[in-house]
Structures are given as structure tokens and as C-alpha cells.
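Below, each chain spelled out in residue letters.
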Amino acid sequence: MGQIEWAMWANEQALASGLILITGGIVATAGRFTQWYFGAYSIVAGVFVCLLEYPRGKRKKGSTMERCGQKYMTAVVKLFGPLTRNYYIRAVLHLLLSVPAGFLLATILGTACLAIASGIYLLAAVRGEQWTPIEPKPRERPQVGGTIKQPPSNPPPRPPAEARKKPSEEAAAAEGPSAGPQTNPIPVTDEIV
């Protein structure tokens, strides 16, 4: 079995926790909780986490499915270089972002999820993983003349390959000369009623 790429799981966990932080922050702010300012903080922190985590990192082995519109956010995340590429920094950042939101009941679930994502990022960093952007592959256009060797000579449906082989000259001579169209042994009459 292959090794687990923990960064992929941490990315999904952090993105979900960012959305949970935003939701809890909206509930706390709109509900005018006694410490509603922690709710406002959670909204800002959740948006920041979602923007940071939206672009997926490239996997070491296999293919990685890009999220819709990821290429625009990837360019922004790449600008920060080692601050966003290094998973140690992400682990500490997520842990620090989760602490203030933990003082409010509406945002405590987002806090717990972000702390778990921080732990998974720390595990990914210890195992030597780092964020690398998904680069679009240049598309190779197949050359029309190079892909089609010889077009088929008879239309479909075609008989199996064994039946398509042309008889050799000896077999053709054994059958005798072909004198044109074959004759039908049953007489056919054309009656119009």
C-alpha cells in the first residue's frame, strides 16, 4: 500500500472548518450574542482560511483534481512563497486563528475543526510534505496524418479479422474462375397484384 498524503486531508478539513467558522460567526453576530465581536472575528478568520485553503496542492503520485476556479487563487497563494508552501507555518497559523473563536459557543465547532486541521498539517509537515501548485499541462495536439495509418476499406459492420483475410491465390484458383454474378437457384417471379 502507498503512503497517505496527509496534506490532502488537512486541506479538506481546513476548508470545511473555514466554512463552519463563517457560519458560526454569522449566527453569533446576527444573534447579537454577548461577545458578538468573536463572531465577527470568526467570519474574517473563516474567509481567510477558505481563501488560503481553496487551491488544492499537487499530489506526489497520481493525478489531482483541480477545484473550479482554482487557478486564480493558486496565483495569489504562490505569491506568498514559503509562507504558504510550508506546512509547519500553516499548522501554527491555523492553531493561532482558532484560539479566539473558541471563546464563543456558536464558533466552538469551527475552532475544534480548525485545530484538528492544524494537527493534520503538523503531521504532514513532519512527514516532509509541502504545498506545490497544480500546473496546467500543455495540451499536445495530435497530428491528423500521424494518427490515422490507413482508413478502413469497407463500411461497418465489419466481419471479424479472420473472415476479412483475403483468400490466397491458390484457394482462388481451386474455386475456379468467377464468371460474374451468381445465379439464384430458386426462380423469382415479380407479381404485382
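Residues numbered from 1 in each chain as written. Predicted model: local features only at pLDDT ≥ 70, side-chain atom pairs only at ≥ 80, totals over all residues. Heavy atoms only, no water.

In the annotation of an unreviewed UniProt entry, the entry for the protein chain reads Cytochrome b-245 light chain, and the organism field reads Aotus nancymaae. For the protein chain, the Subcellular location (unreviewed entry) comment in UniProt is given as "Cell membrane". UniProt's Sequence similarities (unreviewed entry) comment on the protein chain is quoted here verbatim: "Belongs to the p22phox family." (UniProt positions renumbered as here; feature names shortened; annotations may be inferred.)

J.: So, unusual backbone geometry: which residues are in play, and what are the values?
T.: With phi around 50 degrees, R32 is a residue other than glycine that occupies positive phi space. Within the element layout of this structure, R32 appears in the loop between α1 (6-30) and α2 (36-53). (Helix = DSSP H or I, 4+ residues; strand = E, 2+ residues; numbered from the N terminus.)

J.: Hey, could you go over the side chain of N11 for me, with residue numbers and the actual values?
T.: Relative to the helices and strands, N11 is located in helix α1. Given the relative accessible area of 5%, N11 is considered buried. Residue contacts for N11: discarding those within four places in its chain leaves E53, P55, R56, R67 and Y121. (Buried < 20%, exposed > 50% of the residue type's maximum accessible area, 1.4 Å probe, protein only. Contact = heavy atoms within 4.5 Å.)

J.: Summarise the packing of α2 against helix α5 (residues 87-101); cite the residues concerned and give the values.
T.: Where α2 meets α5, the axes come as close as 9 Å, and the angle between the chain directions of the two elements is 160 degrees. Classified by the interaxial angle, the pair formed by α2 and α5 is roughly antiparallel. Between α2 and α5 lies a crossing of left-handed hand. Across from F38, Y41, S42, A45, F48, V49, L52 and E53 in α2, the residues of α5 making contact are R90, L93, H94, L96, L97, P100 and A101. Among the residues making up the contact of α2 with α5, the classes are represented as 11 nonpolar, 2 polar and 2 charged. (Axes fitted to C-alpha atoms, helices over the stretch in contact; angles between N-to-C directions. Parallel < 35°, antiparallel > 145°, perpendicular 65-115°, else oblique. Left-handed = near helix turned anticlockwise from the far one by under 90°. Nonpolar A, V, L, I, M, F, W, Y, C, P; charged D, E, K, R; others polar.)

J.: Kindly report on the nonpolar core, identifying the contributing residues and their values.
T.: As a rule of thumb, soluble globular proteins bury nonpolar side chains together. Grouped together as the largest cluster of nonpolar side chains are 18 residues, with contacts concentrated most on A14, V49, Y87, L97, L114 and Y121. Elements represented by at least two residues in this core include exactly α1, α2, α5 and α6 (108-126). Top contributing element to this core by residue count: α6, with 6 residues. Residues contacting L114, with those up to four places away along its chain left out, are S17, L21, V49, H94, L97 and S98. (Core = buried A, V, L, I, M, F, W, Y, C linked by side-chain atoms within 4.5 Å.)

J.: Give a description of the pattern of salt bridges that names residues and reports values.
T.: Summed over the entire model, instances satisfying the criterion amount to 2 salt bridges. Of the charged contacts in the structure, one is a salt bridge between R56 and E12, with a shortest N-O distance of 3.2 Å. Linking R56 in the loop between α2 and α3 (70-79) with E12 in helix α1, this pair joins segments that are 44 residues apart in sequence. Of the residues examined, R56 reaches a relative accessible area of 22% and is grouped as partly exposed. (Salt bridge = Lys/Arg side-chain N within 4 Å of Asp/Glu carboxyl O.)

J.: Describe the packing of aromatic side chains, naming the residues involved and giving the relevant values.
T.: This model, assessed by the stated rule, comprises 4 aromatic pairs. Arranged with centres 6.4 Å apart and planes meeting at 70 degrees, the rings of W36 and Y37 form a pair that is edge-to-face. Among the residues examined, Y37 registers a relative accessible area of 45% and is labelled partly exposed. Taken together, W36, Y37, F38 and F103 form an aromatic cluster joined through their ring pairs. Its guanidinium or amino end placed over the ring of W36, R32 lies 5.4 Å from that ring's centre, counting from NZ or CZ. (Phe/Tyr/Trp six-rings, centres within 6.5 Å; stacked < 30°, edge-to-face > 60°. Lys NZ or Arg CZ within 6 Å of the ring centre and 35° of its normal.)

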